[in-house]
Amino acid sequence: MAVTFTNNFKNILDKLESILESEFGGSVPVHRGNTVPKGSSQAIGLSPTASSLVDYMSDAETREYTIDIKFLFNEININEKALDHILRQVSRIEAVVHDNIIMTLSDTNSTKVFDCKILSTNLNADEQQGIYVVTFDYRCQHTITF
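No experiment lies behind these values; they were computed from the predicted model shown.

Q: Could you give an account of helix α1 (residues 8–24), with specific residues and numbers?
A: Here α1 spans 24 Å end to end across 17 residues, near enough to the 24 Å set by a 1.5 Å rise per residue. By the burial criterion, the buried members of α1 are N8, N11, I12, L13, L16, E17, I19, L20 and F24. Once α1 finishes, G25 follows within two positions and takes phi at roughly 55 degrees, a positive value.

Given below as C-alpha cells:
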C-alpha cells in the first residue's frame, strides 16, 4: 500500500524563494544550489540540509526544517566598496526573513510555517575560487496533521 505524503521541503523552498525574489526584483537571482548563474555577479542559493522532529502527537507532528541560504558574490578581490555592498545585501536578507516569521505555504491545506529565523550568519564561509560566500543558518517549523 502506498503512503500519502507531502513534500514539505519543496513547499518551504518555493515560498522562501518567492519571498526573496519579490524582495530583490530580479537584481539578485534566487535559485536552488550553490552557483552563480552565468551572466550574474551575485546570487542567492537555497539548499535544504535537515529536518528534525520537535513534537509528535497521535494526530499531528511538528518538524523543524533547516535550510542553508547562501549569498554568493562573484569577485576575486573584495575591496571596501564590494564589502559594503555585500554587508548591505546580508542585512537585507536578514530583514526579509525577520519580516516573514510566519509564511503560508501553497500546499493543498494552505498550512503555515512558523518561528522562521536565521540563527547565524557566517561571512566568507567558503573558500571557493573567486567567490565570496555568506551562509545563513535558516530554521522554521511546520505542523502537519494526519
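Q: Tell me about a nonpolar patch on the surface, and name the residues and values.
A: On the surface, I78, L83, L87 and L123 cluster together to form a nonpolar patch covering roughly 280 Å² of accessible area. Tracing the chain through its elements places L123 in the loop between β5 (112–122) and β6 (131–145).

Q: Quick rundown of the packing of aromatic side chains? Include the residues and the values.
A: Taken as a whole and judged by the stated rule, the model has three aromatic pairs. Judged by centre distance (6.4 Å) and plane angle (55 degrees), the rings of Y56 and F146 are tilted. Separated by 90 residues along the polypeptide, Y56 in strand β2 (residues 42–56) and F146 in the segment after β6 bring together distant segments of the chain. Here Y56 and F146 have matching classes, each one exposed.

Q: If you had to explain the pattern of salt bridges to someone new, which residues and values would you point to?
A: In the structure shown here, the tally under the stated rule is nine salt bridges. R32 is paired through a salt bridge with D14; the nearest N and O atoms lie 2.3 Å apart. Pair noted here: R32 is in strand β1 (residues 30–32) and D14 is in helix α1, with a separation of 18 residues, a long-range link. For D14, a relative accessible area of 22% puts it in the partly exposed group. The salt bridge partner of E17 is R32, with a shortest N-O separation of 3.1 Å. You can see E17 sitting in helix α1 and its partner R32 sitting in strand β1, a full 15 residues away along the chain.

Calculation criteria
- Residues numbered from 1 in each chain as written.
- Predicted model: local features only at pLDDT ≥ 70, side-chain atom pairs only at ≥ 80, totals over all residues.
- Heavy atoms only, no water.
- Helix = DSSP H or I, 4+ residues; strand = E, 2+ residues; numbered from the N terminus.
- Expected span 1.5 Å × (residues − 1).
- Buried < 20%, exposed > 50% of the residue type's maximum accessible area, 1.4 Å probe, protein only.
- Patch = residues over 30% accessible without salt bridge, like charges linked within 9 Å, V, L, I, M, F, W, Y side chains within 5 Å.
- Areas by Shrake-Rupley, 256 points an atom, 1.4 Å probe, with all protein chains shown as cover.
- Salt bridge = Lys/Arg side-chain N within 4 Å of Asp/Glu carboxyl O.
- Phe/Tyr/Trp six-rings, centres within 6.5 Å; stacked < 30°, edge-to-face > 60°.

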